[in-house]
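# Structure assessment
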Amino acid sequence: MRYYGSVYRPPSEARSLIVQVTYGCSHNTCAFCSMYKEKRFALRPLEEVLEDFRLARQVYRQVDKVFLADGDALVRKADELYTVLDTVRELFPECGRVTCYASPASIRVRTEAELGRLREKGLTMVYMGLESGSDEVLTLMRKGHTAAEIVEMGQKVRGSGIALSVTAITGLGGPALLERHALDTAAAFNAMNPEYIGMLTLMVEPETPLYTWVQEGSFQLLEPPQVLEETRLLVEHLDSPGSVFRMNHTSNYLSLRGTLNQDRDTMLAEIQRAEHDLSRLRPESWRGL
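Sequence order as written defines residue numbering, which begins from 1 separately in each chain. Local features in this predicted model are restricted to residues whose pLDDT is 70 or higher, and side-chain atom pairs enter the listing and the counts only when it is 80 or higher, whereas totals over whole chains, interfaces and linings include all residues. Water and hydrogen atoms were dropped before computing side-chain values, which therefore reflect all heavy atoms in the structure.

## Some points on the pairing of strand E7 (residues 163-170)
Where a strand is regular, its side chains alternate between the two sheet faces. Let me state the cut-off plainly: Type-normalised accessible area, obtained with a 1.4 Å probe on protein chains alone, sets the label of each residue: buried when under 20%, exposed when over 50%, and partly exposed for intermediate values. Secondary structure elements follow DSSP: runs of H or I of four or more residues count as helices, runs of E of two or more count as strands, with numbering from the N terminus. Each pair of strands is called paired provided DSSP finds at least two bridges between the two strands. Orient the strands so they point away from the viewer, and a crossover whose first-strand-to-second-strand path over the helix runs clockwise is right-handed.
Among the eight residues of E7, seven are classified as buried, and the element is accordingly described as predominantly covered. Here strand E6 (residues 123-131) runs beside E7; their pairing, made up of six bridges, is parallel. Among the inter-strand pairings, Gly129 is bridged to a residue of E7, identified as Thr167. For the segment spanning E7, helix H7 (residues 178-192) and strand E8 (residues 196-201), crossover handedness is right-handed.

Pasting the structure below:
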């Protein structure tokens, strides 16, 4: 396979065939993010994309999952995405799942009919970053969208029949916005009711605006007990029946997993145990992205 620059994928796509459909991220100005900085966003030539799939068929006997990289494959023209999905179905009839990252902007340009057609042709799930349900946090972190816009686009995906996986980041508002970040993020998740909710914990990457702010002292990171407090507030206010909740990324101090709403009390009890015994937390040196 041919890859240009660093390739990123969700943890659940570890065993997927990854083919770049676009290069980079169409937004790529979030203050906390260091991804895709070495390349400009561009559409990869369609014939190259299709050729990579043909090459992969020669190499791999079994392909169960396909992830369309990079940061915003959904932004391509609908007809081109149909061609990509048709090619996947023709070359890999055994493939049961095709996914990609999507931004609120790329979802907005897709009509409801186009999203439905993409689902019919095999796009089973998209990953979207909420980051926070607080507009104050989103503005600070240069997300480029309001919480209401992100929620609206998440609901649009859900209405099309495409599964939705949404992520947010604990600690993104710092101590000053701890409560607002937790409560507004829970409310945004509840409004979207996605199939999957993923929580990361903020890590500061060099060569990002956030790194500079931390070095200058204008942004304070949460201490582990504050991370637990924020997580508890979030989970307490989640009301998203059927959503699979995962907080098991290596960035997290505490690993949580369950299905809402039935496992909420169990997860809250685990948070409470950690609040009383910080040795349950992942050591700082073991955290990663």
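More follows now that the structure is in view.
## Points about the environment of Leu68
We apply this condition: When checking whether two residues touch, look at their non-hydrogen atoms; a contact exists if any pair is within 4.5 Å.
By the secondary structure assignment, Leu68 is in strand E4 (residues 65-69). As for Leu68 and Val126, which are separated by 58 residues in sequence, their C-alpha atoms are 9.9 Å apart. Those residues in contact with Leu68 that lie beyond four places of it in its chain are Val19, Val21, Phe53, Ala73, Val84, Val98, Thr99, Cys100 and Tyr101.

## Description of helix H2 (residues 78-91)
Put simply, the rule is: Between the first and last residue of a helix there are one fewer steps than residues, each counted as 1.5 Å, and that sum is the expected span.
Between the first and last C-alpha of H2 there are 20 Å, a value that for 14 residues agrees with the 20 Å anticipated at 1.5 Å per step. Turning to H2, its buried residues number three or more, namely Ala78, Leu81, Tyr82, Val84, Leu85, Asp86, Thr87 and Val88. Taken together, the buried residues of H2 touch helix H1 (46-59), E4, strand E5 (97-101), helix H4 (112-120) and E6.

## Some words on the sheet that holds E6
We apply this condition: Here an axis means a line fitted to C-alpha atoms, over the contact stretch when the element is a helix, while the angle between two N-to-C directions is reported on a 0 to 180 degree scale.
Pairing is mixed across the open sheet formed by eight strands, whose spatial order is E1-E4-E5-E6-E7-E8-E9-E10. Edge positions in the open sheet fall to strand E1 (17-20) and strand E10 (256-259), since each of these has one partner strand only. Along the sheet, successive strands turn relative to each other by an average axial angle of 20°, direction set aside. Packing against the sheet, helix H10 (residues 264-276) makes contact with strand E9 (244-247) and E10, and its axis sits at approximately 165° to E10.

## A short note on the environment of Lys156
Position of Lys156 relative to the elements: it lies in helix H6 (residues 147-160). Counting along the chain gives 41 residues from Lys156 to Leu115, while the straight-line C-alpha distance between them is 8.8 Å. Among all residues touching Lys156, those that are not within four sequence positions of it are Ile107, Arg108, Arg110, Thr111, Glu112 and Leu115.

## A short note on helix H9 (residues 224-236)
Between its first and last C-alpha, H9 extends 18 Å over 13 residues, near the 18 Å set by a 1.5 Å rise per residue. Burial in H9 covers these residues: Val227, Leu228, Glu230, Thr231, Leu233, Leu234 and Val235. For H9, the secondary structure elements touched by its buried residues are E7, H7, E8, E9, E10 and H10.

## Here we look at the nonpolar core
Inside soluble globular proteins, nonpolar side chains tend to come together where they are buried. To be explicit about the condition: Nonpolar cores are built from buried Ala, Val, Leu, Ile, Met, Phe, Trp, Tyr and Cys residues. Side-chain atoms within 4.5 Å join them into one set.
Phe53, Val66, Leu68, Leu74, Leu123, Phe189 and Phe245 are the most contacted members of the largest nonpolar core, which totals 66 residues. Among the nonpolar cores identified, the runner-up in size contains 13 residues, and Val137, Leu172, Leu210 and Trp213 belong to it.

## What to know about the environment of Ser103
With respect to the helices, strands and loops of the structure, Ser103 is situated in the loop between E5 and helix H3 (104-109). By relative accessible area, which is 13% here, Ser103 ends up buried. C-alpha separation for the pair Ser103 and Met203, spaced 100 residues apart in sequence, amounts to 21 Å. Those residues within four positions of Ser103 in sequence are excluded, and the remaining contacts are Ser26 and Asp72.

## A short note on the packing of aromatic side chains
The test is simple: Here the aromatic set is Phe, Tyr and Trp, taking the six-membered ring for Trp, and pairing holds for ring centres within 6.5 Å; pairs whose planes are under 30 degrees apart are stacked, those over 60 apart are edge-to-face, and all others are tilted.
Under the defined criterion, the tally for this structure stands at six aromatic pairs. Judged by centre distance (5.0 Å) and plane angle (80°), the rings of Tyr8 and Tyr36 are edge-to-face. Of this pair, Tyr8 sits in the segment before E1 while Tyr36 sits in the loop between strand E2 (22-23) and strand E3 (42-43), and the two are 28 residues apart along the sequence. Residue classification places Tyr8 among the partly exposed residues on the basis of a relative accessible area of 25%. Geometrically, the ring pair formed by Tyr101 and Tyr127 is edge-to-face, given 6.1 Å between the ring centres and 70° between the ring planes. In this pair, Tyr101 is assigned in strand E5 and Tyr127 in strand E6, connecting sequence segments 26 residues apart. Here the two residues Tyr101 and Tyr127 agree in accessibility, since each one is buried. Ring pairs connect the aromatic residues Phe67, Tyr101 and Tyr127, which therefore count as one cluster.

Nothing here speaks to function; it is all geometry.
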